[in-house]
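The chain contents come next:
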Amino acid sequence: FLSMVIDGRTEPHDLMWRFDAVRRLAHAQQRQGQDLPPERDYLRPQALWWAFNWKSANEQAQRVGMAMPAIPTPGLYSGTDRAVLLIDEIDKADPELPNALLEVLANGGFRLPFAAAEVTASPGRRPLVVITTNEERDLPQAFLRRCLILKLELPETEPEFLTYMQEMGDVITDAEFALLPFAPRVLAFVLGVRFLTDFLDGDTYFRTHRAQHNLE
């Protein structure tokens with residue numbers, strides 16, 4: 001299982017790879033007058049690379065001194081099984097990101113820069129990609145037509161809430177049930193902190209329509 005959270009600064013290539021410009025600059029300062037390693041040696045594999053071809057991503061990660069993603073029982077995963085990739089809150093990104101992702105998923109891989117090499121999934125081992133959206137921004141229709149859409153809605157009325165609680169059965173413990181009356185206050189506080197944090201970070205996460213929208 002792999003995951004990646006999207007924000008307003010995420011670009012399409014961030015799903016596949018990132019170029020370590022800081023590392024390359026450090027090498028340039030250390031090796032003045034000497035040739036630098038090829039640009040490919042500064043590519044850091046990201047979620048889609050790991051999901052499509054674990055072996056290739058792991059080899060590249062070792063080349064650049066990068067650790068493997070945190071996954072359950074990493075020692076038992078050889079990269080031969082299908083991966084599950086969660087791309088969370090895709091509506092935070094510009095429309096070009098879903099379109100670029102659509103092309104990658106349709107082709108079953110993507111081309112790396114600099115090396116003119118391709119990253120592809122083995123036959124029958126394409127990843128299962130789960131994408132979430134809060135519907136803060138409309139997604140391209142071409143993208144939606146190629147998705148299996150599951151809409152999750154929380155209960156809004158008392159009868160719906162009671163039905164929901166009955167269906168949950170033993171999933172919610174007595175301690176969790178006792179804390180439900182405090183949940184609205186806690187959620188309001190958490191959201192307020194997130195709005196303030198996003199404002200201080202330059203309004204990159206929540207969709208804003210005017211200056212200081214996150215503070216209202």
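Here, every reference points to the structure presented above.
First, a word on scope: everything that follows refers to the structure included in this document. Just so we're clear, the structure is a prediction, and the values are computed from it rather than from any experiment.

**Thoughts on the pattern of salt bridges**
Stage number 1. All chains considered together, the criterion is met by seven salt bridges.
Stage number 2. Of the charged contacts in the structure, one is a salt bridge between Asp14 and Arg18, with a shortest N-O distance of 3.5 Å.
Stage number 3. Look at Asp14 and you get buried, because its relative accessible area is 9%.
Stage number 4. In this structure, Asp41 engages Arg63 in a salt bridge whose closest nitrogen and oxygen atoms are separated by 3.8 Å. Remark: Arg63 occurs in helix H3 (residues 54-64) and Asp41 occurs in the loop between helix H1 (21-30) and strand E3 (43-45); sequence separation between them is 22 residues.
Stage number 5. Since its relative accessible area comes to 39%, Arg63 is described here as partly exposed.

**Some words on the nonpolar core**
Stage number 1. Of all hydrophobic cores here, the largest spans 33 residues; its most connected members are Leu48, Trp49 and Phe110.
Stage number 2. Mapped by element, the contributors of at least two residues to this core are strand E1 (2-5), helix H2 (47-52), H3, strand E4 (84-88) and helix H4 (96-107).
Stage number 3. Residues within four places of Phe110 in sequence aside, it is in contact with Met16, Trp17, Leu48, Trp49, Phe52, Val104, Ala117, Glu118 and Val119.

**Some words on the packing of aromatic side chains**
Stage number 1. Under the definition given, this model contains four aromatic pairs.
Stage number 2. When the centroid spacing of 6.0 Å and the interplanar angle of 55° are considered together, the rings of Phe19 and Tyr42 count as tilted. Taken together, the residues span a long stretch of sequence, with Phe19 in strand E2 (residues 17-19) and Tyr42 in the loop between H1 and E3 at a distance of 23 residues.
Stage number 3. On the basis of relative accessibility, which here comes to 29%, the residue Phe19 falls in the partly exposed class.
Stage number 4. Pairwise contacts between aromatic rings join Phe19, Tyr42 and Phe114 into one cluster.

Conventions we followed
Residues numbered from 1 in each chain as written. Predicted model: local features only at pLDDT ≥ 70, side-chain atom pairs only at ≥ 80, totals over all residues. Heavy atoms only, no water. Salt bridge = Lys/Arg side-chain N within 4 Å of Asp/Glu carboxyl O. Buried < 20%, exposed > 50% of the residue type's maximum accessible area, 1.4 Å probe, protein only. Helix = DSSP H or I, 4+ residues; strand = E, 2+ residues; numbered from the N terminus. Core = buried A, V, L, I, M, F, W, Y, C linked by side-chain atoms within 4.5 Å. Contact = heavy atoms within 4.5 Å. Phe/Tyr/Trp six-rings, centres within 6.5 Å; stacked < 30°, edge-to-face > 60°.

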